[in-house]
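# Architecture at a glance
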Amino acid sequence: MFDRTQWVLAGMSIALSVQLSQPVAAAAPVGKAVQTAQTNSIGVAEAALKEGLLLYQQGTVEAKKSAIVQFEIALKLFREASDSHGEAIALMGIGKAYSDLGEKLKAREYSSPISGCERSLWGSC
């Protein structure tokens, strides 16, 4: 049977897979530069999120601290791109890593913004 940590990791893995598999809308000629920059930042954010998940799964204190750094990079980029789905996944990762490190107040700080998303991770936040 899965414990809570395994469920969170499974959920993050599934959410990341869904995020990475979604097609990116084609850029229209007007605003092409903005959309291209946004697409590039989402790609970088997804890479940081994936790296954070890989680090987190190593399970060591140092790896979890490094995972937080990667999740925070992803969070900043997802926010800049107005990607609420990616933002929620990054917030979950940060909150879970802080919780595992025993920093419960920090964990709550990062988990609070996603409380509205918990019921429907696949919907918009």
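Above this text is the structure in question.
This section reports on the structure supplied with the text. (Residues numbered from 1 in each chain as written. Predicted model: local features only at pLDDT ≥ 70, side-chain atom pairs only at ≥ 80, totals over all residues. Heavy atoms only, no water.)

Here we take up unusual backbone geometry. Residues other than glycine seldom take positive phi values, yet Ser82 does so here, at roughly 55 degrees. On the secondary structure map, Ser82 appears in the loop between helix H3 (61-80) and helix H4 (84-100). The class of Ser82 is exposed, set by a relative accessible area of 65%. (Helix = DSSP H or I, 4+ residues; strand = E, 2+ residues; numbered from the N terminus. Buried < 20%, exposed > 50% of the residue type's maximum accessible area, 1.4 Å probe, protein only.)

Here we come to H4. In an α-helix, one full turn covers 3.6 residues, which means residues spaced three or four apart are oriented alike. Under the 1.5 Å per step criterion, the end-to-end length of H4 is 24 Å for 17 residues, consistent within 8% with the ideal 24 Å. Most of H4 is tucked away, with 13 of its 17 residues classed as buried. Where H4 starts, the residue carrying a side-chain oxygen 3.2 Å from the main-chain nitrogen of His85 turns out to be Asp83. (Expected span 1.5 Å × (residues − 1). Polar contact = N/O pair within 3.5 Å; in protein donor to acceptor, adjacent residues only side chain to side chain.)

The next point concerns the pattern of salt bridges. Under the definition given, this model contains 4 salt bridges. With a shortest N-O distance of 3.0 Å, Lys64 and Asp100 are connected by a salt bridge. Residue Lys64 is found in helix H3, and its partner Asp100 is found in helix H4; the two are separated by 36 residues along the sequence. Assessed through its relative accessible area of 30%, Asp100 is described here as partly exposed. When salt bridges with common partners are traced through the structure, they connect Lys64, Lys96 and Asp100 into a single cluster. (Salt bridge = Lys/Arg side-chain N within 4 Å of Asp/Glu carboxyl O.)

Attention now moves to the environment of Val44. The residue Val44 is located in helix H2 (residues 32-58) in this model. Once the C-alpha coordinates of Val44 and Ile73 are considered, the two residues, 29 residues apart in sequence, prove to be 8.9 Å apart.

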